[in-house]
Amino acid sequence: MPDFDYLAREATGRQVSGSLSAASERDALSALAGRSLFPIRVTVSEASKKQAATGSRRVAARFLTVFYNQLADLLKSGVPLLRSLQLLEDQTSSPALKYVIQDVREQVADGSRLNDAMRRHPKAFNYLTVSMVKAGEEGGFLEEVLARIAAFNDHQEELKGRVTGAMVYPLFLMTVGTAIITVMMVWFVPNFAAIFDRMKAAGTLPWATTTLLAISETLQQWWLVILAVIVAAVAGLVAYLNTEEGSRNLDRFKLKVPGLGPILQNLAVARFCRMLGTLLRNGVPILQSLRIAKDASGNVVLAEAIGNAADNVSSGQSLAVPLRASGQFSRELVEMIAVGEEANNLENVLINVADNLEKRTSRRIDMVVRLLEPMLLLVMAVIVTFVIAALLLPVLNMSSMA
């Protein structure tokens with residue numbers, strides 16, 4: 001049974017915090033109500049998250065996509081959730097997915113909501129998926145959300161396949177080229193050091209050759225230290241990115257990366273707009289919709305901006321004003337939201353915005369993928385040219401002096 005950390009308010013208005021054990025978030029809320037506490041925030045404790053992650057299993061994306069599609073079809077056909085999960089558990093060919101579905105089904109049978117049961121398996125269901133399922137359960141359109149998750153996963157796998165296909169050839173050349181250059185730097189270049197000693201003493205050795213010899217000498221003497229530093233740096237970076245501050249800084253960095261930043265931002269904004277529009281179309285109040293849809297963006301920075309917007313909306317402002325002030329949303333998008341609010345047609349405007357953003361972003365992704373191959377080839381050509389020039393320039397200079 002997981003532990004939940006809570007922040008609540010007593011009848012006197014005093015805020016209190018603590019933790020309690022409950023089967024699900026709903027049970028935790030009921031337990032707080034039984035203590036005459038008004039919950040402000042209830043979250044799964046870090047210890048329970050780590051324990052759940054330890055028992056979770058990683059599932060291939062293609063199996064999850066099929067699972068979401070089939071579960072959506074079964075629910076649309078009127079099959080109860082427990083029966084649907086049982087059918088999918090029996091027919092799946094993935095042992096990891098079978099284990100996950102079995103645990104999810106048992107948790108749902110014990111009274112947990114589907115999103116709470118899925119949250120126990122972070123290696124299978126990411127944060128975005130759990131947030132969208134929670135929105136679908138609260139808004140009464142779980143089938144639509146599951147179909148949307150399946151489509152999104154399918155789109156991600158298609159994009160990954162296109163990128164991988166475009167990168168195979170240049171990555172092969174880069175791997176072979178790196179191996180050849182490493183062999184040359186460690187075993188071949190040092191043989192030229194004695195030949196270039198006279199020019200080095202006279203100060204006539206070209207800077208490219210001097211740099212190449214210095215790199216070769218460093219690799220020979222310190223390769224073990226360099227390898228250890230790289231491994232330690234990668235391990236430290238991964239540990240930092242797993243923290244709350246590291247995750248926030250990573251999401252902030254993603255939005256600022258030249259070329260890639262606008263693509264990631266448009267995808268995150270499109271997910272938010274689609275989720276918010278779908279919630280509003282299904283009759284969910286705007287404040288509740290904003291607090292649910294902000295997690296669908298998949299970016300902490302955007303989620304915080306949307307959360308601040310929700311606070312301003314609760315005080316009587318329109319949605320467009322705080323979104324404009326956050327600086328995370330384009331002027332065109334903010335103007336369209338403002339028009340949708342004035343025309344009382346915000347839900348349809350948001351879904352149209354999501355469609356347009358996804359189409360525009362898809363075209364930009366195709367362009368970036370096409371540019372990757374020549375860019376990588378250019379990098380390899382520059383490196384190889386530098387090595388060859390560094391070795392040939394002294395030989396040509398000696399020939400001209402002779």
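Residues numbered from 1 in each chain as written. Predicted model: local features only at pLDDT ≥ 70, side-chain atom pairs only at ≥ 80, totals over all residues. Heavy atoms only, no water.

(A) Representation of the overall build of the chain in the model. Helix and strand counts for the chain stand at 18 helices and three strands. Taking 2.2 N^0.38 as the reference for a compact globule, 402 residues should give roughly 21 Å; the C-alpha atoms of the chain span a radius of gyration of 28 Å, well beyond that estimate. Seen along its three principal axes, the alpha-carbon backbone of the chain occupies a region of about 95 × 50 × 50 Å. Classification of the 402 residues of the chain by burial places 38% in the buried group. By element, 60% of the accessible surface of the chain is carried by carbon and sulfur atoms, the whole surface being about 22200 Å². (Helix = DSSP H or I, 4+ residues; strand = E, 2+ residues; numbered from the N terminus. Rg over C-alpha atoms; globule rule 2.2 N^0.38 Å. Buried < 20%, exposed > 50% of the residue type's maximum accessible area, 1.4 Å probe, protein only. Areas by Shrake-Rupley, 256 points an atom, 1.4 Å probe, with all protein chains shown as cover.)

(B) Spatial organisation of a nonpolar patch on the surface. A cluster of nonpolar side chains, namely W222, V225, I226, V229, I230, V234 and V238, defines an oily patch on the protein surface of about 620 Å² accessible area. Looking at where I226 falls in the secondary structure, it is placed in helix α11 (residues 207-241). The exposure class of I226 is partly exposed, given its relative accessible area of 31%. (Patch = residues over 30% accessible without salt bridge, like charges linked within 9 Å, V, L, I, M, F, W, Y side chains within 5 Å. Salt bridge = Lys/Arg side-chain N within 4 Å of Asp/Glu carboxyl O.)

(C) The arrangement of the packing of helix α3 (residues 61-76) against helix α4 (residues 81-91) in detail. Look at α3 against α4: their axes get within 10 Å of each other, and the N-to-C directions meet at 140°. On the basis of the axis angle, α3 is oblique to α4. Of the two elements, α3 crosses α4, and the hand of that crossing is right-handed. Here F67, Q70, L71, L74 and L75 of α3 come into contact with α4, specifically with L81, S84, L85, L87, L88 and Q91. A class-by-class count of the residues in the contact of α3 with α4 yields eight nonpolar, three polar and no charged. (Axes fitted to C-alpha atoms, helices over the stretch in contact; angles between N-to-C directions. Parallel < 35°, antiparallel > 145°, perpendicular 65-115°, else oblique. Left-handed = near helix turned anticlockwise from the far one by under 90°. Contact = heavy atoms within 4.5 Å. Nonpolar A, V, L, I, M, F, W, Y, C, P; charged D, E, K, R; others polar.)

(D) View of the pairing of strand β2 (residues 15-21). Taken together, the seven bridges between strand β1 (residues 3-9) and β2 define a ladder with antiparallel strand orientation. Across the sheet, A8 pairs through a bridge with V16, a residue of β2. Taking the residues between adjacent antiparallel strands as the criterion, β1 and β2 are bridged by five residues, where G13 takes a positive phi near 100°. (Pairing = 2+ DSSP bridges.)

(E) Focus on α11. For α11, spanning 35 residues, the distance from its first C-alpha to its last is only 39 Å, which falls clearly below the expected 51 Å at 1.5 Å a residue. Along its length, α11 reaches its greatest deviation from straightness, about 80°, at W222. (Expected span 1.5 Å × (residues − 1). Bend = angle between axes of the 7 residues up to and from the residue.)

(F) Molecular detail of the pattern of salt bridges. In total, this model carries ten salt bridges according to the counting rule given. One salt bridge in this structure joins E10 and R14, with 3.0 Å as the shortest N-O distance. Taking the relative accessible area as the measure of exposure, E10 reaches 24% and is therefore partly exposed. K254 is the salt-bridge partner of D251, the closest N and O atoms lying 3.8 Å from each other. In this pair, D251 and K254 both sit in helix α12 (residues 244-256), three residues apart, roughly one turn of the helix.

(G) Examining the sheet that holds strand β3 (residues 38-44) more closely. In spatial order, the strands read β2-β1-β3; together these three strands make up an open sheet with antiparallel pairing. At either margin of the open sheet sits one strand with a lone partner, and together these are β2 and β3. Averaged over all adjacent pairs, the angle separating strand axes in this sheet is 20°, with direction ignored.

(H) Quick look at the confidence of the model for the chain. Confidence along the chain averages 80 in pLDDT terms, with 92% of residues attaining 70 or more. The least confident element of the chain, judged by mean pLDDT, is helix α2 (residues 46-55) at 56; the most confident is α4 at 91. (pLDDT = per-residue confidence, 0-100.)

(I) How the structure looks around the environment of I365. Residue placement: I365 occurs in helix α18 (residues 346-401). C-alpha of I365 to C-alpha of Y127: the two residues are 238 residues apart in sequence and 24 Å apart in space.

(J) Expanded view of unusual backbone geometry. With phi around 65°, S36 is a residue other than glycine that occupies positive phi space. The residue N344 is not glycine, and still its phi comes out positive at about 55°. Structurally, N344 can be placed in the loop between α17 (331-342) and α18.

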